[in-house]
Amino acid sequence: MPSASPALPARILVVGGGGRENALGWALARCPGVEQVWVAPGNGGTLELSGCSQLAIAESDHAALLNACREHRIELVVVGPEAPLAAGLADRLRAEGFPVFGPGADGAQLEASKQWAKALMQEAGVPTAGYWPASSEAEALAALEAQNKPLVVKADGLAAGKGVTVAETVDEAREAIREIFAGRFGGEASLVLEERTFGPEVSVFALSDGQRLVLLPPAQDHKRIGEGDTGPNTGGMGAYAPAPLLDAAGLEQVRHLVLEPTLNALRARGIDYRGVIYAGLMLTESGPSVIEFNCRFGDPECETLMPLLGPELAAVLLACAEGRLDQAPALTINPGSSACVIAAAQGYPGEIRKGDAINSQLEPSDTLQLFHAGTRRDEGGTCLTNGGRVLAVVAQADNFDTAFERAYAGLEQVSFEGITFRRDIGHQVRSR
Ligand code: AMP
Ligand code: GLY
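About the criteria used
- The residue numbering used here restarts from 1 in each chain and proceeds along that chain's sequence as written.
- Each chain is given a letter, starting from A, and each ligand a number, starting from 1, according to the order in which they appear as written.
- Totals for whole chains, interfaces and linings use every residue, but because this is a predicted model, local features are given only for residues with pLDDT of at least 70 and side-chain atom pairs only at 80 or more, for both listing and counting.
- Excluding hydrogens and water, the side-chain figures rest on all heavy atoms present in the structure.
- We call a residue near a molecule or strand as soon as one heavy atom of that residue lies within 4 Å of the molecule or strand.
- Only Asp, Glu, Lys and Arg are considered charged, only Ala, Val, Leu, Ile, Met, Phe, Trp, Tyr, Cys and Pro nonpolar, and every remaining residue, Gly among them, polar.
- Note on classification: 1.4 Å probe, protein chains only; a residue is buried when its accessible area is under 20% of the maximum for its type, exposed when over 50%, partly exposed between these limits.
- Helix numbers and strand numbers start at the N terminus; a helix is a DSSP run of H or I with at least 4 residues, a strand a run of E with at least 2.
- Two strands qualify as a pair provided that DSSP identifies no fewer than 2 bridges between them.
- Contacts described as polar in this section are N or O atom pairs within 3.5 Å, which, within protein, must combine one atom able to donate a hydrogen with one able to accept it, while residues neighboring in sequence count only if both atoms come from side chains.
- Calculation of accessible area relied on Shrake-Rupley with a 1.4 Å probe; when residues are assessed, cover is drawn exclusively from the protein chains displayed.
- Here the nonpolar core consists of buried residues drawn from Ala, Val, Leu, Ile, Met, Phe, Trp, Tyr and Cys, with membership extended through side-chain atoms lying within 4.5 Å.
- Residue contacts are defined here by distance: any two heavy atoms, one from each residue, within 4.5 Å place the two residues in contact.
- Fitted lines through C-alpha atoms serve as axes, helices being fitted only where they are in contact, and the angles separating the N-to-C directions of these axes extend from 0 to 180 degrees.
- The span you would expect from a helix comes to 1.5 Å times its residue count less one.
- Summarising the geometry, the arc corresponds to the directions from the helix axis toward the C-beta atoms.
- Paired rings are identified among Phe, Tyr and Trp, the last through its six-membered ring, by centres lying within 6.5 Å, and are further divided according to the angle between planes into stacked (under 30 degrees), edge-to-face (over 60) and tilted (the rest).
- Think of it as a cone above the ring: NZ of Lys or CZ of Arg counts as a charge over the ring if it is within 6 Å of the ring centre and within 35 degrees of the ring normal.
- For classification purposes, angles smaller than 35 degrees are called roughly parallel, those larger than 145 roughly antiparallel, those between 65 and 115 roughly perpendicular, and all remaining angles oblique.
- Criterion for a salt bridge: a side-chain nitrogen of Lys or Arg within 4 Å of a carboxyl oxygen of Asp or Glu.
- Handedness of a helix crossing follows the sense of rotation of the near helix relative to the far helix, less than a right angle counterclockwise being left-handed and clockwise being right-handed.

Moving on to the site of ligand 2. For ligand 2, the full set of nearby residues is Asp221, Gly235, Tyr278, Asn294, Arg296, Gly298, Asp299, Pro300 and Glu301. For the shell around ligand 2, a count of residues per class yields two nonpolar, three polar and four charged.

Given below as C-alpha coordinates:
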(Lines give C-alpha, C1' and ligand atoms only; values in the text may rest on other atoms or scores of the structure.)
(Ligands and ions follow the chains in the order given, each with its own letter.)
Protein backbone atom coordinates (compact mmCIF):
# COMPACT_ATOMS: atom_id res chain seq x y z
CA MET A 1 0.00 0.00 0.00
CA PRO A 2 1.67 3.30 -1.00
CA SER A 3 1.88 5.62 1.94
CA ALA A 4 2.67 9.30 2.19
CA SER A 5 3.73 9.02 5.80
CA PRO A 6 7.36 8.46 6.84
CA ALA A 7 8.74 4.97 7.44
CA LEU A 8 10.03 6.16 10.81
CA PRO A 9 7.79 8.03 13.23
CA ALA A 10 9.58 11.10 14.64
CA ARG A 11 6.87 11.99 17.17
CA ILE A 12 5.11 9.26 19.10
CA LEU A 13 2.35 9.29 21.71
CA VAL A 14 2.17 6.39 24.18
CA VAL A 15 -1.16 6.19 26.04
CA GLY A 16 -1.17 4.79 29.58
CA GLY A 17 0.43 5.30 32.96
CA GLY A 18 1.90 1.98 34.07
CA GLY A 19 5.23 0.20 33.95
CA ARG A 20 4.32 -1.15 30.52
CA GLU A 21 3.97 2.36 29.10
CA ASN A 22 7.19 3.51 30.74
CA ALA A 23 8.97 0.61 29.06
CA LEU A 24 7.31 1.34 25.70
CA GLY A 25 8.28 5.02 25.93
CA TRP A 26 11.87 4.12 26.81
CA ALA A 27 12.18 1.55 24.00
CA LEU A 28 10.64 3.82 21.37
CA ALA A 29 12.64 6.92 22.38
CA ARG A 30 15.89 5.06 21.76
CA CYS A 31 14.97 4.10 18.19
CA PRO A 32 16.93 6.12 15.61
CA GLY A 33 14.71 8.67 13.87
CA VAL A 34 12.43 9.11 16.88
CA GLU A 35 12.72 12.70 18.11
CA GLN A 36 10.26 12.76 20.96
CA VAL A 37 7.86 10.45 22.77
CA TRP A 38 4.98 11.79 24.84
CA VAL A 39 3.44 9.53 27.47
CA ALA A 40 -0.11 10.33 28.67
CA PRO A 41 -0.70 10.32 31.58
CA GLY A 42 2.61 8.59 32.42
CA ASN A 43 3.76 8.38 36.04
CA GLY A 44 6.42 9.60 38.45
CA GLY A 45 9.21 8.09 36.34
CA THR A 46 8.22 9.24 32.86
CA LEU A 47 10.38 12.36 32.79
CA GLU A 48 13.45 10.38 33.85
CA LEU A 49 13.30 8.45 30.59
CA SER A 50 15.47 10.28 28.11
CA GLY A 51 13.51 11.44 25.08
CA CYS A 52 10.14 11.22 26.88
CA SER A 53 7.74 14.02 27.81
CA GLN A 54 4.64 13.72 29.93
CA LEU A 55 1.09 14.89 29.23
CA ALA A 56 -1.43 15.12 32.07
CA ILE A 57 -4.24 13.52 30.06
CA ALA A 58 -6.21 10.53 31.33
CA GLU A 59 -6.31 7.48 29.07
CA SER A 60 -10.12 7.79 29.10
CA ASP A 61 -10.11 11.39 27.78
CA HIS A 62 -10.29 10.61 24.07
CA ALA A 63 -11.02 14.19 23.02
CA ALA A 64 -7.95 15.56 24.83
CA LEU A 65 -5.77 12.77 23.42
CA LEU A 66 -6.96 13.65 19.92
CA ASN A 67 -6.09 17.31 20.53
CA ALA A 68 -2.63 16.28 21.75
CA CYS A 69 -2.10 14.27 18.55
CA ARG A 70 -2.94 17.36 16.52
CA GLU A 71 -0.91 19.77 18.61
CA HIS A 72 2.24 17.63 18.61
CA ARG A 73 1.77 16.37 15.03
CA ILE A 74 1.96 12.80 16.28
CA GLU A 75 3.04 10.25 13.68
CA LEU A 76 2.34 7.10 15.71
CA VAL A 77 0.08 6.42 18.69
CA VAL A 78 0.75 3.32 20.81
CA VAL A 79 -2.08 2.48 23.20
CA GLY A 80 -0.89 0.49 26.23
CA PRO A 81 -3.92 -0.57 28.31
CA GLU A 82 -7.03 -2.52 27.31
CA ALA A 83 -9.68 -0.12 28.68
CA PRO A 84 -9.16 2.70 26.15
CA LEU A 85 -8.91 0.14 23.33
CA ALA A 86 -12.21 -1.49 24.34
CA ALA A 87 -13.71 2.01 24.59
CA GLY A 88 -12.78 2.78 20.96
CA LEU A 89 -9.81 5.16 21.36
CA ALA A 90 -7.96 3.61 18.40
CA ASP A 91 -11.07 3.96 16.19
CA ARG A 92 -11.45 7.62 17.12
CA LEU A 93 -7.82 8.53 16.40
CA ARG A 94 -7.68 6.47 13.19
CA ALA A 95 -10.81 8.21 11.92
CA GLU A 96 -8.85 11.45 12.21
CA GLY A 97 -5.95 10.05 10.21
CA PHE A 98 -3.50 9.14 13.01
CA PRO A 99 -1.75 5.75 12.70
CA VAL A 100 -2.51 3.76 15.85
CA PHE A 101 -0.85 0.61 17.17
CA GLY A 102 -3.73 -1.01 19.05
CA PRO A 103 -6.94 -2.66 17.83
CA GLY A 104 -10.29 -0.94 17.47
CA ALA A 105 -13.18 -1.72 19.83
CA ASP A 106 -14.18 -4.63 17.56
CA GLY A 107 -10.80 -6.38 17.87
CA ALA A 108 -10.47 -5.51 21.57
CA GLN A 109 -13.37 -7.88 22.25
CA LEU A 110 -10.71 -10.56 22.15
CA GLU A 111 -9.97 -9.42 25.71
CA ALA A 112 -13.12 -7.51 26.66
CA SER A 113 -15.51 -10.45 26.19
CA LYS A 114 -14.53 -13.97 27.16
CA GLN A 115 -17.68 -15.34 25.48
CA TRP A 116 -16.78 -13.60 22.23
CA ALA A 117 -13.17 -14.81 22.40
CA LYS A 118 -14.20 -18.41 23.11
CA ALA A 119 -16.65 -18.40 20.20
CA LEU A 120 -13.94 -17.02 17.91
CA MET A 121 -11.49 -19.70 19.04
CA GLN A 122 -14.05 -22.42 18.46
CA GLU A 123 -14.82 -21.06 14.99
CA ALA A 124 -11.08 -20.90 14.20
CA GLY A 125 -10.28 -24.34 15.60
CA VAL A 126 -7.82 -22.85 18.10
CA PRO A 127 -7.01 -25.25 20.96
CA THR A 128 -8.67 -24.06 24.17
CA ALA A 129 -10.52 -25.66 27.11
CA GLY A 130 -14.14 -26.76 26.55
CA TYR A 131 -16.61 -24.13 27.75
CA TRP A 132 -20.22 -23.27 28.53
CA PRO A 133 -21.33 -19.64 28.17
CA ALA A 134 -24.14 -18.42 30.45
CA SER A 135 -26.08 -15.17 30.71
CA SER A 136 -28.06 -15.92 33.85
CA GLU A 137 -27.32 -17.46 37.21
CA ALA A 138 -29.83 -20.25 36.57
CA GLU A 139 -28.23 -21.12 33.25
CA ALA A 140 -24.74 -21.14 34.78
CA LEU A 141 -25.79 -23.25 37.78
CA ALA A 142 -27.57 -25.72 35.49
CA ALA A 143 -24.44 -26.12 33.35
CA LEU A 144 -22.35 -26.65 36.50
CA GLU A 145 -24.79 -29.27 37.87
CA ALA A 146 -24.78 -31.08 34.52
CA GLN A 147 -20.97 -31.30 34.55
CA ASN A 148 -20.85 -32.00 38.27
CA LYS A 149 -17.14 -31.15 38.58
CA PRO A 150 -15.26 -28.02 39.67
CA LEU A 151 -15.12 -25.80 36.58
CA VAL A 152 -13.19 -22.57 36.08
CA VAL A 153 -15.55 -19.58 36.37
CA LYS A 154 -14.79 -16.45 34.31
CA ALA A 155 -16.73 -13.19 34.41
CA ASP A 156 -17.34 -12.06 30.85
CA GLY A 157 -16.08 -8.45 30.78
CA LEU A 158 -12.87 -6.62 31.69
CA ALA A 159 -12.31 -7.40 35.36
CA ALA A 160 -8.73 -6.15 35.87
CA GLY A 161 -7.50 -9.70 36.31
CA LYS A 162 -9.92 -10.45 39.14
CA GLY A 163 -12.74 -12.14 37.27
CA VAL A 164 -11.40 -15.71 37.24
CA THR A 165 -11.95 -18.42 39.86
CA VAL A 166 -10.15 -21.72 39.39
CA ALA A 167 -12.50 -23.69 41.64
CA GLU A 168 -11.24 -26.69 43.58
CA THR A 169 -14.77 -27.89 44.40
CA VAL A 170 -18.24 -27.65 42.86
CA ASP A 171 -19.31 -25.54 45.85
CA GLU A 172 -16.53 -23.04 45.19
CA ALA A 173 -17.59 -22.79 41.53
CA ARG A 174 -21.21 -22.27 42.61
CA GLU A 175 -20.15 -19.47 44.96
CA ALA A 176 -18.11 -17.79 42.18
CA ILE A 177 -21.14 -17.91 39.86
CA ARG A 178 -23.35 -16.31 42.51
CA GLU A 179 -20.81 -13.54 43.10
CA ILE A 180 -20.70 -12.66 39.42
CA PHE A 181 -24.49 -12.45 39.18
CA ALA A 182 -24.62 -10.50 42.45
CA GLY A 183 -23.03 -7.71 40.43
CA ARG A 184 -19.46 -7.87 41.70
CA PHE A 185 -18.16 -6.95 38.25
CA GLY A 186 -20.90 -4.42 37.47
CA GLY A 187 -23.20 -4.08 34.48
CA GLU A 188 -25.04 -6.91 32.80
CA ALA A 189 -23.40 -10.03 34.14
CA SER A 190 -22.52 -12.99 31.98
CA LEU A 191 -19.82 -15.59 32.25
CA VAL A 192 -18.00 -18.54 30.81
CA LEU A 193 -17.58 -21.84 32.61
CA GLU A 194 -14.50 -23.65 31.49
CA GLU A 195 -12.94 -27.07 31.76
CA ARG A 196 -9.85 -26.93 33.97
CA THR A 197 -6.57 -27.58 32.16
CA PHE A 198 -3.14 -28.28 33.64
CA GLY A 199 0.40 -27.33 32.75
CA PRO A 200 2.91 -24.48 32.88
CA GLU A 201 1.81 -21.10 31.54
CA VAL A 202 3.60 -18.92 29.04
CA SER A 203 2.72 -15.66 27.27
CA VAL A 204 3.24 -15.14 23.54
CA PHE A 205 2.97 -11.69 21.94
CA ALA A 206 2.35 -11.25 18.22
CA LEU A 207 2.53 -7.84 16.55
CA SER A 208 -0.15 -7.73 13.85
CA ASP A 209 -0.77 -5.38 10.93
CA GLY A 210 -4.16 -6.95 10.27
CA GLN A 211 -2.74 -9.54 7.87
CA ARG A 212 0.74 -10.52 9.01
CA LEU A 213 2.37 -11.34 12.32
CA VAL A 214 5.74 -10.79 14.00
CA LEU A 215 6.24 -12.93 17.11
CA LEU A 216 8.22 -11.75 20.14
CA PRO A 217 10.15 -14.12 22.41
CA PRO A 218 7.83 -15.97 24.81
CA ALA A 219 7.74 -14.67 28.38
CA GLN A 220 6.75 -16.16 31.69
CA ASP A 221 4.91 -14.12 34.29
CA HIS A 222 4.55 -14.86 38.03
CA LYS A 223 0.96 -14.09 38.93
CA ARG A 224 0.82 -15.08 42.60
CA ILE A 225 1.89 -12.66 45.33
CA GLY A 226 3.79 -15.27 47.37
CA GLU A 227 7.04 -17.15 46.91
CA GLY A 228 6.54 -20.68 45.62
CA ASP A 229 3.59 -19.38 43.57
CA THR A 230 1.25 -19.14 46.55
CA GLY A 231 -1.39 -16.67 47.70
CA PRO A 232 -3.75 -14.47 45.72
CA ASN A 233 -3.36 -13.55 42.05
CA THR A 234 -1.79 -10.21 41.18
CA GLY A 235 -1.19 -8.34 37.94
CA GLY A 236 2.23 -9.99 37.88
CA MET A 237 5.17 -9.93 40.35
CA GLY A 238 7.96 -10.55 37.87
CA ALA A 239 8.78 -12.18 34.57
CA TYR A 240 11.56 -13.46 32.39
CA ALA A 241 12.12 -13.94 28.68
CA PRO A 242 12.74 -15.83 26.51
CA ALA A 243 10.92 -18.61 28.37
CA PRO A 244 12.77 -21.86 27.55
CA LEU A 245 9.44 -23.69 27.93
CA LEU A 246 8.72 -22.73 24.35
CA ASP A 247 11.70 -23.21 22.04
CA ALA A 248 11.78 -21.99 18.43
CA ALA A 249 9.83 -25.04 17.22
CA GLY A 250 7.26 -24.61 20.00
CA LEU A 251 6.82 -20.96 19.10
CA GLU A 252 6.28 -21.88 15.44
CA GLN A 253 3.66 -24.41 16.55
CA VAL A 254 1.88 -21.64 18.47
CA ARG A 255 2.00 -19.45 15.37
CA HIS A 256 0.33 -22.16 13.24
CA LEU A 257 -2.10 -23.56 15.82
CA VAL A 258 -3.13 -20.36 17.57
CA LEU A 259 -2.07 -17.02 16.13
CA GLU A 260 -2.60 -17.46 12.39
CA PRO A 261 -6.05 -19.07 12.75
CA THR A 262 -7.05 -16.33 15.23
CA LEU A 263 -5.97 -13.57 12.86
CA ASN A 264 -7.81 -15.29 9.99
CA ALA A 265 -10.98 -15.58 12.10
CA LEU A 266 -10.73 -11.87 12.99
CA ARG A 267 -10.41 -11.03 9.29
CA ALA A 268 -13.38 -13.29 8.48
CA ARG A 269 -15.38 -11.10 10.85
CA GLY A 270 -14.21 -8.01 8.99
CA ILE A 271 -11.83 -6.95 11.76
CA ASP A 272 -8.58 -5.26 10.71
CA TYR A 273 -6.57 -6.02 13.85
CA ARG A 274 -3.54 -3.73 14.16
CA GLY A 275 -1.85 -4.20 17.49
CA VAL A 276 -0.72 -6.94 19.86
CA ILE A 277 -2.39 -10.31 20.11
CA TYR A 278 -1.36 -11.59 23.52
CA ALA A 279 -1.97 -15.31 23.87
CA GLY A 280 -1.90 -16.58 27.44
CA LEU A 281 -1.13 -20.27 26.94
CA MET A 282 -1.09 -23.37 29.07
CA LEU A 283 1.28 -26.06 27.80
CA THR A 284 -0.83 -29.14 28.45
CA GLU A 285 0.08 -32.77 27.85
CA SER A 286 -1.75 -32.58 24.54
CA GLY A 287 -0.11 -29.33 23.42
CA PRO A 288 -0.65 -25.58 23.85
CA SER A 289 -4.11 -24.45 24.93
CA VAL A 290 -5.27 -20.82 25.04
CA ILE A 291 -6.22 -19.69 28.56
CA GLU A 292 -7.02 -16.16 27.47
CA PHE A 293 -6.36 -13.56 24.82
CA ASN A 294 -5.50 -9.96 25.59
CA CYS A 295 -5.45 -7.07 23.15
CA ARG A 296 -2.30 -5.40 24.58
CA PHE A 297 1.17 -6.15 25.89
CA GLY A 298 1.35 -7.96 29.23
CA ASP A 299 2.61 -6.11 32.26
CA PRO A 300 5.34 -6.95 33.48
CA GLU A 301 6.10 -8.98 30.34
CA CYS A 302 6.41 -5.74 28.35
CA GLU A 303 9.05 -4.33 30.73
CA THR A 304 10.91 -7.64 30.40
CA LEU A 305 10.75 -7.81 26.60
CA MET A 306 11.39 -4.21 25.53
CA PRO A 307 15.11 -4.24 26.42
CA LEU A 308 15.54 -7.29 24.14
CA LEU A 309 14.03 -5.58 21.08
CA GLY A 310 16.12 -3.86 18.43
CA PRO A 311 16.12 -0.27 17.18
CA GLU A 312 13.62 -1.14 14.42
CA LEU A 313 10.78 -1.25 16.97
CA ALA A 314 9.33 2.17 16.11
CA ALA A 315 9.35 1.40 12.38
CA VAL A 316 7.75 -2.00 12.98
CA LEU A 317 4.95 -0.64 15.18
CA LEU A 318 4.26 2.10 12.62
CA ALA A 319 4.15 -0.50 9.85
CA CYS A 320 1.63 -2.51 11.92
CA ALA A 321 -0.45 0.64 12.43
CA GLU A 322 -0.41 1.26 8.67
CA GLY A 323 -1.08 -2.33 7.57
CA ARG A 324 2.26 -2.74 5.79
CA LEU A 325 4.44 -5.05 7.88
CA ASP A 326 5.75 -6.53 4.62
CA GLN A 327 7.64 -3.26 4.05
CA ALA A 328 9.05 -2.98 7.56
CA PRO A 329 12.62 -3.83 8.55
CA ALA A 330 13.06 -7.14 10.37
CA LEU A 331 12.85 -6.65 14.13
CA THR A 332 16.15 -7.71 15.64
CA ILE A 333 15.98 -9.52 18.95
CA ASN A 334 18.83 -9.53 21.43
CA PRO A 335 19.69 -13.20 22.06
CA GLY A 336 20.24 -12.57 25.79
CA SER A 337 18.11 -13.31 28.82
CA SER A 338 15.94 -10.65 30.46
CA ALA A 339 14.78 -10.72 34.08
CA CYS A 340 12.18 -8.48 35.73
CA VAL A 341 11.30 -8.17 39.41
CA ILE A 342 8.39 -6.05 40.64
CA ALA A 343 8.54 -3.99 43.83
CA ALA A 344 4.95 -3.73 45.05
CA ALA A 345 3.30 -1.71 47.80
CA GLN A 346 2.56 -3.18 51.20
CA GLY A 347 -0.83 -4.91 51.15
CA TYR A 348 -0.86 -5.63 47.40
CA PRO A 349 -3.03 -7.11 45.85
CA GLY A 350 -5.45 -6.06 48.60
CA GLU A 351 -5.68 -2.65 50.20
CA ILE A 352 -2.36 -0.89 49.68
CA ARG A 353 -0.20 1.78 51.32
CA LYS A 354 0.25 4.87 49.17
CA GLY A 355 2.14 8.15 49.38
CA ASP A 356 5.49 6.86 50.70
CA ALA A 357 8.68 8.50 49.41
CA ILE A 358 10.76 6.34 47.07
CA ASN A 359 14.54 6.40 47.45
CA SER A 360 16.60 5.18 44.55
CA GLN A 361 20.34 4.96 44.05
CA LEU A 362 19.91 2.70 41.04
CA GLU A 363 22.02 3.79 38.08
CA PRO A 364 20.46 2.45 34.89
CA SER A 365 22.89 1.01 32.35
CA ASP A 366 22.75 -0.86 29.04
CA THR A 367 21.80 -3.98 30.99
CA LEU A 368 19.79 -2.55 33.90
CA GLN A 369 16.54 -0.56 33.78
CA LEU A 370 14.21 0.92 36.38
CA PHE A 371 10.66 1.38 35.09
CA HIS A 372 8.13 3.16 37.27
CA ALA A 373 4.56 1.83 37.52
CA GLY A 374 2.39 3.07 40.43
CA THR A 375 4.34 6.26 41.22
CA ARG A 376 3.74 10.01 41.10
CA ARG A 377 5.62 13.23 41.86
CA ASP A 378 4.37 15.67 44.48
CA GLU A 379 4.56 19.45 43.94
CA GLY A 380 8.12 19.50 45.26
CA GLY A 381 9.19 16.78 42.81
CA THR A 382 9.49 13.98 45.38
CA CYS A 383 8.60 10.61 43.93
CA LEU A 384 5.88 8.79 45.92
CA THR A 385 4.28 5.36 45.79
CA ASN A 386 0.88 5.57 44.14
CA GLY A 387 -0.29 2.08 43.16
CA GLY A 388 -0.07 -1.65 43.81
CA ARG A 389 2.87 -2.39 41.61
CA VAL A 390 5.32 0.44 42.20
CA LEU A 391 8.54 -0.28 40.30
CA ALA A 392 9.91 -2.83 37.85
CA VAL A 393 13.65 -3.57 37.96
CA VAL A 394 14.81 -5.27 34.77
CA ALA A 395 18.22 -6.66 33.83
CA GLN A 396 19.78 -8.53 30.94
CA ALA A 397 22.73 -10.88 30.63
CA ASP A 398 23.78 -13.84 28.52
CA ASN A 399 22.24 -16.22 31.07
CA PHE A 400 19.37 -16.10 33.55
CA ASP A 401 21.50 -16.51 36.68
CA THR A 402 23.42 -13.33 35.93
CA ALA A 403 20.33 -11.48 34.70
CA PHE A 404 18.49 -12.19 37.97
CA GLU A 405 21.59 -11.41 40.05
CA ARG A 406 21.72 -7.99 38.36
CA ALA A 407 17.98 -7.39 38.77
CA TYR A 408 18.02 -8.27 42.48
CA ALA A 409 21.18 -6.17 43.03
CA GLY A 410 19.32 -3.30 41.32
CA LEU A 411 16.33 -3.84 43.58
CA GLU A 412 18.60 -3.39 46.62
CA GLN A 413 19.29 0.15 45.37
CA VAL A 414 15.64 1.18 45.75
CA SER A 415 13.55 1.43 48.90
CA PHE A 416 10.23 2.67 50.23
CA GLU A 417 8.17 1.92 53.32
CA GLY A 418 6.48 -1.48 53.01
CA ILE A 419 8.34 -2.59 49.84
CA THR A 420 7.10 -6.07 48.89
CA PHE A 421 8.69 -8.40 46.38
CA ARG A 422 9.28 -12.06 45.63
CA ARG A 423 12.83 -13.37 45.96
CA ASP A 424 12.13 -16.38 43.77
CA ILE A 425 11.20 -14.79 40.45
CA GLY A 426 12.68 -16.98 37.73
CA HIS A 427 13.01 -20.00 40.03
CA GLN A 428 12.15 -22.12 36.99
CA VAL A 429 15.32 -21.03 35.16
CA ARG A 430 17.76 -20.14 37.95
CA SER A 431 20.30 -22.59 39.29
CA ARG A 432 20.56 -20.78 42.65
P1 AMP B 1 -6.87 -14.66 33.81
O2 AMP B 1 -7.38 -13.67 34.82
O3 AMP B 1 -7.77 -14.92 32.67
O4 AMP B 1 -5.43 -14.34 33.44
O5 AMP B 1 -6.76 -16.06 34.56
C6 AMP B 1 -6.07 -16.12 35.76
C7 AMP B 1 -5.43 -17.46 35.91
O8 AMP B 1 -6.42 -18.46 36.05
C9 AMP B 1 -4.62 -17.92 34.71
O10 AMP B 1 -3.35 -17.38 34.67
C11 AMP B 1 -4.58 -19.42 34.97
O12 AMP B 1 -3.59 -19.72 35.92
C13 AMP B 1 -5.92 -19.69 35.59
N14 AMP B 1 -6.84 -20.28 34.60
C15 AMP B 1 -7.62 -19.64 33.72
N16 AMP B 1 -8.31 -20.53 32.95
C17 AMP B 1 -7.96 -21.76 33.36
C18 AMP B 1 -8.30 -23.11 32.97
N19 AMP B 1 -9.19 -23.34 32.00
N20 AMP B 1 -7.72 -24.12 33.63
C21 AMP B 1 -6.83 -23.90 34.63
N22 AMP B 1 -6.46 -22.67 35.04
C23 AMP B 1 -7.00 -21.60 34.42
N1 GLY C 1 0.90 -10.04 33.21
C2 GLY C 1 -0.42 -10.39 32.89
C3 GLY C 1 -1.18 -9.40 32.16
O4 GLY C 1 -0.68 -8.38 31.75
O5 GLY C 1 -2.36 -9.63 31.93
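Alright, that's what it looks like, and here's the rest.
What follows concerns the pairing of strand β10 (residues 201-209). Along β10, eight of the nine residues are buried, which leaves the element largely enclosed by surrounding structure. Across nine bridges, the pairing between β10 and strand β16 (residues 274-284) is antiparallel. Among the inter-strand pairings, Leu207 is bridged to a residue of β16, identified as Val276. Looking at chain direction, β10 and strand β11 (residues 213-215) are connected through three bridges and run antiparallel.

Now for the site of ligand 1. Neighbouring ligand 1 are 14 residues, the closest being Lys154, Glu194, Thr197, Glu201 and Glu292. Take Glu194: an N or O atom from its side chain is 2.7 Å from a nitrogen atom of ligand 1. Considered on its own, ligand 1 offers 480 Å² of accessible surface; in the complex 90% of this is hidden by protein. Of all the elements in the fold, those that place two or more residues in the shell around ligand 1 are β7 (152-155), β8 (164-166) and β17 (287-294). Taken together, the residues that form the shell around ligand 1 break down as five nonpolar, one polar and eight charged.

Take the nonpolar core next. Ranked by size, the top nonpolar core spans 123 residues in total, and within it Leu13, Val77, Leu207, Leu259, Phe297 and Met306 carry the most contacts. Here this core takes eight residues from helix α11 (residues 313-321), the largest share from any one element. Once residues lying within four places of it in the same chain are set aside, the contact partners of Phe297 are Arg20, Leu24, Phe101, Phe205, Leu207, Leu216, Val276, Tyr278, Cys302 and Met306. Judged by nonpolar contacts, the second largest core, of 17 residues, contains Ala143, Val170, Leu191 and Leu193.

Here the focus is the environment of Ala87. Relative to the assigned elements, Ala87 resides in the loop between α3 (82-86) and α4 (89-95). Along the primary structure Ala87 and Ala112 are separated by 25 residues, whereas in three dimensions their C-alpha atoms are 9.8 Å apart.

So, about the side chain of Asp209. Here Asp209 lies in strand β10. Residue class for Asp209 comes out buried when judged on its relative accessible area of 1%. Within the structure, the side chain of Asp209 is placed 2.4 Å from the side chain of Arg212, a separation counted as a polar contact. Within the local environment of Asp209, its side chain forms a polar contact with the backbone nitrogen of Leu325, the two atoms lying 2.9 Å apart. Every residue in contact with Asp209, bar those within four places of it in the chain, is listed here: Asp272, Tyr273, Arg274, Ala319, Cys320, Gly323, Arg324, Leu325 and Asp326.

So, on to the sheet that holds strand β20 (residues 368-372). Read across the open sheet, the five strands follow the order β12-β15-β18-β23-β20; overall the sheet is antiparallel. At either margin of the open sheet sits one strand with a lone partner, and together these are β12 (220-221) and β20. Both β12 and strand β15 (residues 238-241) contribute to a ladder of two bridges, which runs antiparallel. Among the inter-strand pairings, Gln220 is bridged to a residue of β15, identified as Tyr240. Contacting β15, β18 (337-344), β20 and β23 (389-397), helix α12 (residues 400-411) runs over the sheet at an angle of about 30° to β18.

Glancing now at the sheet that holds β16. Read across the open sheet, the four strands follow the order β11-β10-β16-β17; overall the sheet is antiparallel. With partners counted over all chains shown, the strands left at the sheet margins are β11 and β17, one partner each. On average, each strand axis in the sheet is tilted by 35° relative to the strand beside it, whichever way the strands run.

Another aspect to go through is helix α8 (residues 170-181). Here α8 is 12 residues long and its end C-alpha atoms lie 17 Å apart, about the 16 Å a rise of 1.5 Å per residue gives. If you check which residues of α8 are buried, you get Val170, Ala173, Arg174, Ala176, Ile177, Ile180 and Phe181. For α8, the angular spread of the buried residues around the axis is 160°, confining them to a single face. In this fold, the buried residues of α8 make contact with β6 (131-134), α7 (137-147), β7, β8 and β9 (191-194).

Before going further, it helps to spend a moment on the packing of aromatic side chains. Scanning all chains against the criterion turns up eight aromatic pairs. Here Tyr240 and Phe400 contribute two aromatic rings whose centre-to-centre distance is 5.3 Å and whose plane-to-plane angle is 75°, an arrangement assigned as edge-to-face. Placement of the pair is Tyr240 in strand β15 and Phe400 in helix α12, with a sequence separation of 160 residues. Grouping residues by exposure puts Tyr240 and Phe400 together as buried. In textbook terms, an aromatic cluster arises when at least three aromatic residues are bridged by ring pairs, as seen for Phe101, Phe205, Tyr278 and Phe297. For the cation-ring pair, Arg269 lies above Trp116, with the distance from its terminal atom to the ring centre recorded as 4.9 Å.

All right, on to the packing of helix α6 (residues 114-124) against helix α9 (residues 248-268) then. Two elements in contact, α6 and α9, have axes whose closest approach is 9 Å; the angle formed by their N-to-C orientations is 105°. Considering the angle they form, α6 stands roughly perpendicular to α9. Here Trp116, Leu120, Glu123 and Ala124 of α6 lie close against α9, whose contacting residues are Pro261, Thr262, Ala265 and Leu266. Looking at the contact of α6 with α9, its residues break down into six nonpolar, one polar and one charged.

The next point concerns the pattern of salt bridges. A complete count under the given rule lists 26 salt bridges for this structure. Linked by salt bridges that have partners in common, Glu82, Glu111 and Arg296 make up one network.

Packing of α7 against α8 brings their axes to within 10 Å, and their N-to-C directions diverge by 165°. The orientation of α7 with respect to α8, classified from their angle, is roughly antiparallel. The chirality of how α7 crosses α8 is right-handed. Packed against α7, whose contacting residues are Glu137, Ala140, Leu141, Leu144 and Glu145, the element α8 presents Val170, Ala173, Arg174, Ile177, Arg178 and Phe181 at the interface. A per-class count over the contact of α7 with α8 returns seven nonpolar, no polar and four charged.

So yeah, pure geometry; function would need other evidence.
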